[in-house]
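One letter stands for each residue in the lines below.
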Amino acid sequence: SPNSNSTVLVTPNTLKGSKTKAVVIPLTQSRGIVIESQRSVGYNYKFPESSNGALVYVVEMKEIAHGGGMPWGYGMYVQRPTSRPARINQNGLALGDATLKQGESMVIEGVKITVVEAGDFGDVIKLG
């Protein structure tokens with residue numbers, strides 16, 4: 001729930017296993033915040049280590065048509081920490097500097113997301 005306080009371990013999304021790979025926070029029936037742990041491990045072993053962290057993005061399932069409530073009408077918008085310079089390409093990847101690092105936080109539509117611990121195991125995310 002966007003109104004509750006909780007802490008969750010999100011394991012890297014490229015590792016095999018049945019642990020939590022993503023957190024979805026519903027905002028409306030068709031819109032939500034998704035948090036994944038990006039790491040240079042598993043299938044992404046060549047992923048730049050400087051891009052490791054918690055990737056936060058907003059998904060809109062209802063209005064994907066061009067101009068439908070999200071920038072460019074893609075239905076998904078990666079959230080970047082406001083402290084980062086506005087460069088599109090970083091670390092050889094589009095939005096390669098968008099991940100939250102340990103100790104960083106952001107607020108999206110009233111939901112505060114903080115990375116309280118991070119490592120090869122993934123990210124410990126505090127919500128609220």
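Before reading further, recall that the structure is shown in the block above.
Rules used in this analysis
Residues numbered from 1 in each chain as written. Predicted model: local features only at pLDDT ≥ 70, side-chain atom pairs only at ≥ 80, totals over all residues. Heavy atoms only, no water. Buried < 20%, exposed > 50% of the residue type's maximum accessible area, 1.4 Å probe, protein only. Helix = DSSP H or I, 4+ residues; strand = E, 2+ residues; numbered from the N terminus. Pairing = 2+ DSSP bridges. Core = buried A, V, L, I, M, F, W, Y, C linked by side-chain atoms within 4.5 Å. Contact = heavy atoms within 4.5 Å. Axes fitted to C-alpha atoms, helices over the stretch in contact; angles between N-to-C directions. Polar contact = N/O pair within 3.5 Å; in protein donor to acceptor, adjacent residues only side chain to side chain. Salt bridge = Lys/Arg side-chain N within 4 Å of Asp/Glu carboxyl O.

## Structural notes on the pairing of strand 2 (residues 22-26)
Of the two faces of strand 2, only one is covered, namely that formed by V23 and I25; the face formed by A22, V24 and P26 stays uncovered. In this structure, strand 2 lies alongside strand 3 (residues 31-38), joined through five bridges in antiparallel fashion. Bridging across to strand 3, A22 finds its partner in E36. Between strand 2 and strand 3, which pair antiparallel and follow one another directly, the connecting turn spans four residues.

## Here we look at the nonpolar core
Membership of the largest hydrophobic core comes to 16 residues, with the highest contact counts inside it found for I33, I35, V56, I113 and I125. Residue assignment for this core shows that the elements contributing at least two residues are strand 2, strand 3, strand 4 (53-60), strand 8 (105-108), strand 9 (111-119) and strand 10 (122-127). I125 has contacts with S6, T7, V8, V10, I35, A54, I113, T114 and V115, leaving out every residue within four places of it along the chain. Judged by nonpolar contacts, the second largest core, of six residues, contains L55, Y57, V59 and A98.

## What about the sheet that holds strand 9?
The sheet built from four strands is open, its strands ordered 1-10-9-8 with antiparallel pairing. Each end of this open sheet is capped by a strand with a single partner; those strands are strand 1 (6-10) and strand 8. Recorded for the sheet is a direction-independent mean angle of 25° between the axes of neighbouring strands. Looking at chain direction, strand 9 and strand 10 are connected through six bridges and run antiparallel.

## Section: the side chain of E60
You can see E60 is positioned in strand 4. In terms of polar contacts, E60 uses its side chain to reach the side chain of S30, at 2.8 Å.

## Focus: the pattern of salt bridges
Counting across every chain of the model gives four salt bridges. For the salt bridge of E60 with R31, the shortest nitrogen-to-oxygen distance reads 3.9 Å. Taken as a pair, E60 in strand 4 and R31 in strand 3 lie far apart in primary sequence, 29 residues in all. Overall, E60 belongs to the buried group, its relative accessible area being 8%. E109 is the partner of R31 in a salt bridge, and the nearest nitrogen-oxygen pair spans 2.6 Å. With R31 in strand 3 and E109 in the loop between strand 8 and strand 9, the pair connects residues that are 78 residues apart, well separated along the chain.

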